[in-house]
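If you want the building blocks of each chain, they are given just below.
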Amino acid sequence: MTAARPYRMTPLTPEQALIELRKFGGIQFDPAVVDAFVRTKWARDLSDPGREEVRDVPLIGQAAGSMASIGVTPSGAAT
């Protein structure tokens, strides 16, 4: 995130990258790993907005099970 890439010519600042990690913790990034990263020397001096609670994101299998229990098929049509 903090390096120039073909799809992002202007890299994020370290603070912006930390905000992205926090924003997508529990969705794209493991929140425990994000929390561990913020305690390392690489993130020690960064301003960390933090997050008080981690969102509960259901696994695909759990979501599929709950959809099946209410009668929704994979195509989205009700049975």
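For the structure itself, consult the block above.
The structure presented is a predicted model; accordingly, all values stated were derived computationally and were not measured. (Residues numbered from 1 in each chain as written. Predicted model: local features only at pLDDT ≥ 70, side-chain atom pairs only at ≥ 80, totals over all residues. Heavy atoms only, no water.)

A. Structural context of helix α1 (residues 14-23). Ala17, Leu18, Leu21 and Arg22 are the residues of α1 that are buried. Around the axis of α1, the buried residues are gathered within 140° of arc, so they sit on the same side. Looking at the packing, one finds that the buried side of α1 touches α2 (31-38). (Buried < 20%, exposed > 50% of the residue type's maximum accessible area, 1.4 Å probe, protein only. Helix = DSSP H or I, 4+ residues; strand = E, 2+ residues; numbered from the N terminus. Arc of directions from axis to C-beta. Contact = heavy atoms within 4.5 Å.)

B. Looking closely at the nonpolar core. Formed by Leu18, Leu21, Val34, Val38, Ala43 and Leu46, the largest nonpolar core amounts to six residues. Every element with two or more residues in this core is listed here: α1 and α2. Those residues within four positions of valine 38 in sequence are excluded, and the remaining contacts are Leu18, Arg22, Ala43 and Asp48. (Core = buried A, V, L, I, M, F, W, Y, C linked by side-chain atoms within 4.5 Å.)

C. Representation of the pattern of salt bridges within the structure. Under the counting rule described, the total for this entry stands at one salt bridge. A salt bridge links arginine 22 to aspartate 35, with the shortest nitrogen-to-oxygen separation between them at 2.4 Å. Here arginine 22 is found in helix α1, whereas its partner aspartate 35 is found in helix α2, with 13 residues between them in sequence. On the basis of relative accessibility, which here comes to 13%, the residue arginine 22 falls in the buried class. A residue is classified by how much of its surface remains accessible, and aspartate 35, at 28% relative accessible area, is partly exposed. (Salt bridge = Lys/Arg side-chain N within 4 Å of Asp/Glu carboxyl O.)

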